[in-house]
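# Survey of secondary and tertiary structure
Here is what each chain is made of, one letter per residue.
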Amino acid sequence: MHAFANPTRFLSLARPLTGWLGWAGAVLALVGIIAGLTLTPRDYLQGETVRIMYIHVPAAWLGMAGWGGIAAASVAELVWRHPLAAIAARATAVPGAVFAAICLASGSIWGRPTWGTWWEWDGRLTSMLVLFFLYIAYIALADASADRGGGARVAAIFGLVGAINLPIIHFSVLWWRTLHQGQSIGFTGSTIAPSILWPLPLTTIGFTLLFTAIILMRMRMLLANAKLEARQRRMGGAA
Amino acid sequence: MKAKNQRLVLTLAALGALVAAALLAMSALRNQASFFYSPADALRDHVRPGQAIRLGGMVEKGSLVREPDGVTIDFRVTDGAASVAARYTGIVPDLFREGSGVVAEGRFVAPGTFVADTILAKHDEKYMPPQIAGSMHETKSLKP
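Residues numbered from 1 in each chain as written. Chains lettered and ligands numbered in written order. Predicted model: local features only at pLDDT ≥ 70, side-chain atom pairs only at ≥ 80, totals over all residues. Heavy atoms only, no water.

Scanning chain B from N- to C-terminus turns up three helices and six strands. For chain B, the α and β elements follow one another from N to C terminus as α-α-β-β-β-β-β-β-α. What you see for chain B is a C-alpha radius of gyration of 22 Å, clearly larger than the 15 Å of a compact globule of 144 residues, by over 25%. Its C-alpha atoms give chain B principal-axis dimensions of about 80 × 45 × 25 Å. Counting all 144 residues of chain B, 35% fall into the buried class. Counted over contacts in chain B with a minimum sequence separation of 6, partners at least 24 positions apart contribute 50%. Total accessible area computed for chain B in this model is approximately 8,000 Å², and 58% of it derives from carbon and sulfur atoms. (Helix = DSSP H or I, 4+ residues; strand = E, 2+ residues; numbered from the N terminus. Rg over C-alpha atoms; globule rule 2.2 N^0.38 Å. Buried < 20%, exposed > 50% of the residue type's maximum accessible area, 1.4 Å probe, protein only. Contact = heavy atoms within 4.5 Å. Areas by Shrake-Rupley, 256 points an atom, 1.4 Å probe, with all protein chains shown as cover.)

The next subject is the interface of chain B and chain A. Each partner contributes to the interface: chain B provides 42 residues, whereas chain A provides 40 residues. For the pairing of chain B and chain A, the buried interface totals around 3,700 Å² over both sides, and the portion due to carbon and sulfur atoms is 64%. Among the residues chain B hides against chain A, the three largest losses belong to B:Phe35, B:Glu125 and B:Tyr127. Together they make up 20% of the total. At the boundary of chain B with chain A, the tally comes to two salt bridges. A salt bridge links A:Glu120 to B:Arg54, with the shortest nitrogen-to-oxygen separation between them at 3.8 Å. Our count for the contact surface shared by chain B and chain A stands at 16 residue pairs in polar contact (both at pLDDT 80 or more). Looking at the side of chain B that touches chain A, the elements that each hand over two or more residues are helix H1 (3–29), strand S5 (101–110), strand S6 (113–122) and helix H3 (130–133) of chain B. In terms of residue count, H1(B) provides more of the side of chain B that touches chain A than any other element does, 11 residues in total. (Buried area = accessible area lost by both parts, 1.4 Å probe. Salt bridge = Lys/Arg side-chain N within 4 Å of Asp/Glu carboxyl O. Polar contact = N/O pair within 3.5 Å; in protein donor to acceptor, adjacent residues only side chain to side chain.)

A few words on a nonpolar patch on the surface. Residues and elements named next belong to chain A. Together, Ile55, Val94, Val98 and Ile102 give the surface a local cluster of nonpolar side chains, amounting to about 250 Å² of exposed area. Here the element with the most residues in the nonpolar patch is helix H3 (residues 85–114); it accounts for three residues. Given a relative accessible area of 32%, Ile102 falls into the partly exposed group. (Patch = residues over 30% accessible without salt bridge, like charges linked within 9 Å, V, L, I, M, F, W, Y side chains within 5 Å.)

Below, the structure is given as structure tokens:
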């Protein structure tokens, strides 16, 4: 882990990786979306609206995985003071918030034709909205403490505390009666027919690679920013 | 103990306390955070007539009847253990059909009789193409 503590070594790996991950992810996601829109059958109950799944599920996964990443980076920041941890967490927040928002928006659009409502305050929908608000708060907090030149400790604590929402989102459909459906995909199998399911791994892996590429891009941007500010300070010039 | 290990132990302890607190809160919320009553719960809890609630379950097969006025429907909501007669006037979602999930917002007018203001359809986690679903899932819908 500390092998990449040196930003120079991290950058030499991140630079080529960004392009590869980005393009591979974009191609996979595109293939998955095209397959999901044209090749798969409709659902017996929902009809064509089932195709929203190919966007909604990856977005939900990445919205949650993003905060999982922030929490992991927060532990690395709090315990090991890893120099890249705070940067990784800050870089993850904005794309994570975007995917959480995509999940909420696509879910809302899906809910209208199937359930008959854009929004209801059930356990799953509410906890996912809370995740989106947590992202917004995290972005504000991390930016504010970075601007002050203060430690990333407060943001790391917030990132860790906020992670408690992840199991709540996951188990909301088990603990409480919800309007949202139960879990379709588990470790042991899926209740989605294979002919409908198969493009979903493509879009999920594709968007995940794309997400990783965006994070690497943003980490490089934050590192470059820090370098620039340090140089300006050294030159004693304008802030 | 090295400072690094001390921080690790502290972080893990804090995390453990946090998870325990959240689990306690969630188990306390267990009954309050549900989105709807099942028919059995509503009957067991003696929900007062007139009190606005959501009632959810399956639309019982063979219970869906359209009244002569063309916009009012009668059906029964069941959770397997109990069943409640419901009435609704208006347009229902496309997915509303016999044997499928429903969440009705409204109130009991008498014990065991529910009048809904809003009907939401709830579908389960099973997705399949129409060919596979076939006659197994052929159910009566309100669509012509």
